[in-house]
Amino acid sequence: MIRNNIDENVVNRRTALMALGGLGVYGVLASRLYYLQVTKAEDYRALSDDNRFNFNITLPSRGRILDRSGEVLAVNRQDYRVVLIPERVKDLDGTLSRISDIIGLSEGQEKRIRKDIKDNARFVPILVENHLDWETFAALNLKTPDLPGVIPEVGEGRYYPNKGIFAHTLGFVGRAGPSDVSDDKDPLLRQPTFRIGKTGIEAAQDAVLRGSSGRLKVEVNAVGRIVREWPDPKDRAKDGENVWLTLDAELQRYAAKQFGADSGGLAVIDVLTGELRTLLSMPSFDGNLFVSGLTQADMNALNNDEKRPQYNKVLSGGYPPASTFKMTVMLAALEAGLINPADKIFCVGKLRLGNRNFHCWKRKGHGSVDMREALKSSCDVYFYDIAQTVGMDKIAQMGRRLGLGQRFDVGISGVRAGIMPDEAWKQAKLGAAWRGGDTLNASIGQGFVLATPLQLAVMAGRIANGRQAITPQLVIGEDLKEAPPLEINPDHLAFVTEAMWSVCHEPGGTAFTPEGLGIEGVEMAGKTGTGQVRGISSTERANRIRKNEELPWKLRDHSIFVGYAPYDKPRFAVGCLVEHGGSGAKRAAEITRAVLALALERDGMSRPPAEVTSEAGI
Amino acid sequence: MIALRRRGALSKLYDINWLLVSLVMLVGFIGVAMIYAATDGVWSRGAQQHFIRLSVAGIMMIVIALIDLKVWYKLAYFAYFGALLLLLGVEFFGVSVNGSQRWLDAGVMRLQPSEVMKLAVVMALARYYHDIAVWRISRPSGLLGALLIIIAPMVLIIRQPDLGTTLLVAATGFGLVFLSGVNWRVISGAFVASLISVPLFFRFGLQEYQRSRILTFLDPSRDPTGASYHITQSKIALGSGGVSGKGFMNGTQRQLEYVPENRTDFIFTVIGEEFGLIGSLITMGIYLLVIGLCIWLSVQCKHIFSRLLIMGLTITFTLYIFINLGMVMGLVPVVGVPLPLISYGGTVIMTVMTGFGLILSAHLHRKNDLPKSYL
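About the cut-offs
Residues numbered from 1 in each chain as written. Chains lettered and ligands numbered in written order. Predicted model: local features only at pLDDT ≥ 70, side-chain atom pairs only at ≥ 80, totals over all residues. Helix = DSSP H or I, 4+ residues; strand = E, 2+ residues; numbered from the N terminus. Contact = placed C-beta atoms within 7 Å. Buried ≥ 20, exposed ≤ 12 C-beta atoms within 10 Å, placed from the backbone. Pairing = 2+ DSSP bridges. Expected span 1.5 Å × (residues − 1). Axes fitted to C-alpha atoms, helices over the stretch in contact; angles between N-to-C directions. Parallel < 35°, antiparallel > 145°, perpendicular 65-115°, else oblique. pLDDT = per-residue confidence, 0-100.

K.L.:
Honestly, the environment of Val128 of chain A in this entry has me stumped. Any pointers?
P.N.:
Tracing the sequence through the fold places Val128 of chain A in strand β4 (residues 126-132). With residues near it in sequence (within four places) discarded, Val128 of chain A still touches Val82, Val83, Leu84, Ile99 and Ile113 of chain A.

As structure tokens, then:
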């Protein structure tokens, strides 16, 4: 019995009504539960798995680049870096400023990161910073649990242990640019931490070095942290393969040391096979800088250096071969049969053609010289004279047989052909007739003639080989083609090489030194060249020609030398050019002698057997 | 009757409805187990604390039950006005947590006056209807008193802002008005009035984030990673549990931390994921037993104060469950209401167990006399 002022029945009815209503709500909740957990269970189970599993692209290790004996020229190093996955980041500004507190991001970097985020799909990891030191990386690891989507990772970065010495040949790696991505559908290229070859061997052999991507099933939690990996062996990334070069790292380092601060190019070629033992351009630049991203200051320093470190002089530099071209003129003359090598010509220091004087490097003249003596003392007047008789077309034809004016494909880009001019060339190129003076200039390797240091080495190598027209090889494993025959009369070659021997070993030879190569019983043959880069006015000639030391660096003569050794059983030929290398060919001859001596010393070495691939020899 | 009034504490202890006490403690222990699972089996990250709180609050519940109902009857208005003052205190001296000002820092402990108000408003209304004459109930004067009692705390709580508690207080209050026997004309009039006022309230009475939560609930694609992320992930957790669940401590959604707040407001997702439909229905069934038992206890009481007190507290308890489950299952917006006795959090345990203490007290003293005062 309830208090009499309120009707108990009313309260009871209302309570029952409310209880019924409550039961109704309970029924709704229970049926909703049934709907979620029974009717839709399969869908939600799938969604739950989606939540759990991601497929991440795994990157292959880039193949290494090795020298002929297996020394690493390009290798992968552990690289600590931090990436960011935009779709998992909650507050980008806050996250970036938190990261910046730890690693210090510049404004430019931040802009780059934002641009990357905009340009890529939301799930693609964006590189924030790489090459972190261990302390920074550790500090970052400590903070990242509070920063969803920020992932510190240990990746691989390209490293060139020799810094600059092989830079021009090896090239460097970098991020795939828009044109790379549009040309190549490999998903690896869209991974911002992935690097492809940009120049040199890295670019030319990219297909071999790159490998192919794998995938890894990972279980991630709500903030994108990987909590478990489900590796599947068949999904593993396929690492890139190694590339072996014919180069001899030790020899190349030694050659670079010989150059010191000088600028120029040098190639050492195996006279028998055409393999390049050294392919050096000096000065160089550190390829590692390009991998990590060049600062503006580094870039300016490289671009403003008058010695042009980035320019691959040995393959791309076209220089007047100067007197090293004289062998070509000699061989053309001998083949034409118009000149008797024993006939003497009297050099008075100049030759007049029309109203122009063509000067010999020796102002007071060589006096009476025959062909051998003319090469040994490098008499210009003698070659002016015979070139007029032989004619430019025959000379150019011989030059081309020796490799001048030809582009040698050594497997990387940037190889230039130089110029081996003849009458048709001038007509086509300049629209002017070939003149007698052009022949005279060309006969001493000046004027229109241009050659790269590589071509000079090939020229010397072909003269030394005598039978085959060897072509330069850089990458081991590419099919070696049988070199075509050289088709030059061996007697003529014997005459020319004997004269080249006298250049180095007879007093009065332009490269004579009493000690020669400095190796007991080994002699060499060679030819000097002094590449003139300025015009000498008649007034200067009348008074006194300025010595090289008095000239600004840019106007000094190029110092050139080609040669090979041993004289009697040729193994290696060298083409060496020192830009503005001072008086005469002394500098280039010095370098060549030193490099040839070491090359011969190291010749006990054999190339690695062909079937050995990746891991051997390290 | 006299013998009953004079019985000692020991025999009173015997007469407490131990079935309700055991059911309440059972729900609490389910909570301990689920918090243990939600925290990856780390005892110290909540389960232990929950257990201790449960024990302390359990003793408190019994003590409250033993105190004579007359005391609670007399305290009703004091409690109500005290809670109002505390709410006003929050308005001026409150401590802000998570962007809303709900706490009073009382040195040693922090007090949440809106929780006190949940109980106080029930006590006040129960006493109000106990005191007024029956003919006043549907008259303007009687309605006005009840309305004032309900609306004053609502205004203060919505300003904190705390939408969930505001609605809870309102629903409980109007539930009691309904139970008191207000005639149907008034009820239908109130219904029409609310149809008009709700849109106005939505536009002017709510904070931006509260509006956003409701809108997101109505159209989840508005914000896939924000508020509806909670709902989506919680539905995935429940749904992927299926009929039998993934097994205790085996929930992947839980392990991988996809469901936020799964130790507190979203703890039902752990039950649903690890024990499936069966576990969920058993949990809901135990709750239903508690609710049903409370209603049964109320029916046995002779005073309108006891009946409305029990029913009011039961309504609050039930609404907690309805709103929380509805939220977890994606039926109502995310309003931040815990699952009573199971969710981690000290304040709610204290409120709910105090409430059960009062229910037990009302039932224990069901035959005692209360003062009669007609207003």
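So much for the structure itself; the text now carries on.
K.L.:
What is the right way to read the pairing of strand β18 (residues 558-565) of chain A from this model?
P.N.:
In regular strands, side chains alternate between the two faces of the sheet. All names here are of chain A. Of all the 8 residues making up β18, 8 are buried; the element is thus mostly covered by neighbouring parts of the structure. Pairing analysis gives 7 bridges linking strand β17 (residues 525-531) to β18, with the strands arranged antiparallel. Its bridge partner being in β18, Gly531 is matched across the sheet by His558. One ladder, built from 7 bridges, connects β18 with strand β19 (residues 572-578); its direction is antiparallel. Across the sheet, Tyr564 pairs through a bridge with Ala573, a residue of β19. The antiparallel hairpin formed by β18 and β19 contains 6 residues in its connecting segment.

K.L.:
How should helix α7 (residues 140-158) of chain B be read in this particular structure?
P.N.:
Since there are 3.6 residues in each turn of an α-helix, residues three or four apart along the chain are aligned in direction. All names here are of chain B. Spanning 19 residues, α7 covers 26 Å between terminal C-alpha atoms, matching the ideal 27 Å at 1.5 Å per step. The complete set of buried residues in α7 reads Gly142, Ala146, Ile149, Ile150, Pro153, Leu156, Ile157 and Ile158. In this structure, the buried side of α7 is in contact with α5 (69-93), α6 (113-131) and α8 (163-179).

K.L.:
Sorry if this is basic, but what is going on with the packing of α6 of chain B against α7 of chain B here?
P.N.:
The geometry of a pair of packed helices is captured by two quantities: the angle between their axes and the separation between those axes. Residues and elements named next belong to chain B. The N-to-C vectors of α6 and α7 enclose an angle of 175°; their axes lie 10 Å apart at closest approach. By the angle between their directions, the pair α6 and α7 is classed as roughly antiparallel. Here Ser114, Met117, Val121, Ala124, Leu125 and Tyr128 of α6 lie close against α7, whose contacting residues are Gly145, Ala146, Ile149, Ile150, Pro153 and Ile157.

K.L.:
How should I be thinking about the environment of Tyr36 of chain B in this particular structure?
P.N.:
Residue and element names in this part refer to chain B. In this structure, Tyr36 sits in helix α3 (residues 18-38). In this structure the C-alpha to C-alpha distance between Tyr36 and Arg263, which are 227 residues apart in sequence, comes to 8.7 Å. When neighbours within four sequence positions are excluded, Tyr36 is seen to be in contact with Gly41, Trp43 and Ala47.

K.L.:
What's the story with the confidence of the model for chain A in this structure? I'm lost.
P.N.:
Low-confidence regions, as indicated by low pLDDT, have predicted coordinates that should not be scrutinised in detail. Per-residue pLDDT for chain A has a mean of 84; in total, 92% of the residues score no lower than 70. Low confidence marks residues 605-618 of chain A, where pLDDT is under 50. Its contacts with residues over four positions away, or in another chain, come to 17 contacts.

K.L.:
It is not clear to me how unusual backbone geometry should be interpreted in this structure. Could you clarify?
P.N.:
Among all residues except glycine, the phi angle is most often negative; among peptide bonds, the trans geometry is most common. Residues and elements named next belong to chain A. For the bond running from Met282 to Pro283, omega is -15°, close enough to zero to count as cis. Structurally, Pro283 can be placed in the loop between β12 (276-282) and α11 (287-292). Residue Pro566 follows Ala565 across a cis peptide bond; omega there is -15°. As for its placement among the helices and strands, Pro566 is situated in the loop between β18 and β19. The phi dihedral of Arg308 is positive, around 45°, even though this residue is not glycine.

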